[in-house]
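Breakdown of the fold
If you want the building blocks of each chain, they are given just below.
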Amino acid sequence: SSGINAEYGGVSGSMEELVTLFISIIVHEVCLAFTLGLKLFTEGHTTRQFVISLSFFVISCPVGVIAGALVIKYLAATTLTKTVFILKALATGTFVQVTFFEILAPEFAERHANQLHKMAAVILGFLIISLTMYLLHDIPTVDFCQL
């Protein structure tokens, strides 16, 4: 999933936007690396599997950003718009798949007394994100296809 998101990460405009995007990607990737490392460790993978998995993860982000930058540089406007649309769709689909099938499903598969707490946390998280998006909807955004 990181590689798909990183491909869209290379689609950027001005230097200020590039720095902001770079910082955002770094923060996001650090969180993902910690989570992946913890998951690999707790599942008892061998050192070889651990190194191979993390190596692929580490390589996928810069490759994705470079691919996104090349897309911006070399594609015509109409093709660029379609490509950005496809990359956004892939990133969104990856996010939905990881969230619901790889994170939430295993959490709710086990029958424990704290199922209600888990469901409340999911609903609360959804409400917080929805409220944040609602409150920030007037903040201007950059259309990277027009840069």
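Not measured: the values here are computed from a predicted model. (Residues numbered from 1 in each chain as written. Predicted model: local features only at pLDDT ≥ 70, side-chain atom pairs only at ≥ 80, totals over all residues. Heavy atoms only, no water.)

**Concerning the overall build of the protein chain**
Secondary structure assignment for the protein chain yields 5 helices and 0 strands. Of the regular secondary structure in the protein chain, the N- to C-terminal order runs α-α-α-α-α. Buried positions account for 18% of the 147 residues belonging to the protein chain. For the protein chain, the exposed area adds up to about 11,000 Å²; of that, 74% sits on carbon and sulfur atoms. (Helix = DSSP H or I, 4+ residues; strand = E, 2+ residues; numbered from the N terminus. Buried < 20%, exposed > 50% of the residue type's maximum accessible area, 1.4 Å probe, protein only. Areas by Shrake-Rupley, 256 points an atom, 1.4 Å probe, with all protein chains shown as cover.)

**Notes on the packing of helix α4 (residues 77–109) against helix α5 (residues 115–135)**
Helix-helix packing: each pair is described by the crossing angle between the helix axes and the interaxial distance. Direction vectors running N to C along α4 and α5 enclose 155°, while the axes themselves pass 10 Å from each other. In this view, α4 runs roughly antiparallel relative to α5, as classed from their interaxial angle. Taken as a pair, α4 and α5 cross one another with a handedness that is left-handed. Contacts from Leu104, Glu107 and Phe108 in α4 reach Gln115, Lys118, Met119 and Val122 in α5. Tallied by class, the residues present in the contact of α4 with α5 amount to 4 nonpolar, 1 polar and 2 charged. (Axes fitted to C-alpha atoms, helices over the stretch in contact; angles between N-to-C directions. Parallel < 35°, antiparallel > 145°, perpendicular 65-115°, else oblique. Left-handed = near helix turned anticlockwise from the far one by under 90°. Contact = heavy atoms within 4.5 Å. Nonpolar A, V, L, I, M, F, W, Y, C, P; charged D, E, K, R; others polar.)

**Here's the deal with the side chain of Lys118**
With respect to the helices and strands, the residue Lys118 is situated in helix α5. If sequence neighbours within four positions are ignored, Lys118 has contacts with Glu107 and Phe108.

**Here we look at a nonpolar patch on the surface**
On the surface, Val19, Phe22, Ile23, Ile26, Val27 and Val30 cluster together into a nonpolar patch covering about 550 Å² of accessible area. Mapped onto the fold, Val19 is located in helix α2 (residues 15–42). For Val19, a relative accessible area of 40% translates into the label partly exposed. (Patch = residues over 30% accessible without salt bridge, like charges linked within 9 Å, V, L, I, M, F, W, Y side chains within 5 Å. Salt bridge = Lys/Arg side-chain N within 4 Å of Asp/Glu carboxyl O.)

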